[in-house]
Amino acid sequence: MLSSQTKDQVTSAAMTKLREHGLTVGSILETDEETLGKLIYPVGFWKSKVKYIKKTTEILQAQYGGDIPDNVAELVKLPGVGPKMAHLIMDIAWNKVSGIGVDTHVHRISNRLKWVKKETKTPEDTRVALEDWLPRDLWSEINWLLVGFGQQVCLPVSPRCSDCLNRDICPGASRKK
């Protein structure tokens, strides 16, 4: 929930503070929104995320005995949880591959590499298109492979094509003649 629209280093720092504070459903329920905000700041959209975290922990306590749902349909009902996060949670928490976690990096790179039959407009459209052809045994790792690549090399603006080992086969490579 914290990582959306937030740099990894900022997310990591916020998670460290949360863990030190006590990162359980019970401890979050006992934490007021102001304190929670101070713990997660400066993550992107921190004010909204405080509300999502509080509401989600209330739901987890009331409906799931303090645990998390074990299916995508229930996960996406939680505030601040979309398909990408739900599929990643299923893989990490439940060791079940239910789909590909497609974030902005996977979406952008899949389109640049023409891994989708026609250009997709949303990460969810990209997920559906990738799942149509990518072997299921690769679904779990594709997010992890492309996120780092998208953060370091295949950047949204001014991709580092000259440094990319895929530049000769990438339809999206911006080659200087």
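All values reported here derive from a predicted model rather than from experimental measurement.

Student: Now, about the nonpolar core: what can you tell me, with residues and values included?
Tutor: Counting residues in hydrophobic clusters, the biggest one holds 15 residues, and the most contacted among them are I100 and V106. No other element matches the four residues that helix α9 (residues 139-152) contributes to this core. For I100, the residues in contact, after removing those within four places along its chain, are H87, R127, L130, E131, L134, W139 and I142.

Student: Help me get a handle on the packing of helix α1 (residues 8-21) against helix α3 (residues 33-40), residues and values and all.
Tutor: Packed helix pairs are characterised by how far apart their axes lie and by the angle those axes make with each other. The N-to-C vectors of α1 and α3 enclose an angle of 135 degrees; their axes lie 7 Å apart at closest approach. In terms of axis orientation, α1 runs oblique to α3. In this structure, α1 uses A14, K17, L18 and H21 to contact α3, whose residues at the interface are T35, L36, K38, L39 and I40. A per-class count over the contact of α1 with α3 returns five nonpolar, two polar and two charged.

Student: Let's hear about the UniProt feature "domain: HhH-GPD" (unreviewed entry) in the protein chain: which residues, and what values?
Tutor: The UniProt record annotates "domain: HhH-GPD" (unreviewed entry) at residues 2-152. Spanning residues 2-152, this segment combines 64% helix with 0% strand, and its end C-alpha atoms are found 21 Å apart.

Analysis parameters
Residues numbered from 1 in each chain as written. Predicted model: local features only at pLDDT ≥ 70, side-chain atom pairs only at ≥ 80, totals over all residues. Heavy atoms only, no water. Core = buried A, V, L, I, M, F, W, Y, C linked by side-chain atoms within 4.5 Å. Buried < 20%, exposed > 50% of the residue type's maximum accessible area, 1.4 Å probe, protein only. Helix = DSSP H or I, 4+ residues; strand = E, 2+ residues; numbered from the N terminus. Contact = heavy atoms within 4.5 Å. Axes fitted to C-alpha atoms, helices over the stretch in contact; angles between N-to-C directions. Parallel < 35°, antiparallel > 145°, perpendicular 65-115°, else oblique. Nonpolar A, V, L, I, M, F, W, Y, C, P; charged D, E, K, R; others polar. UniProt positions renumbered as here; feature names shortened; annotations may be inferred.

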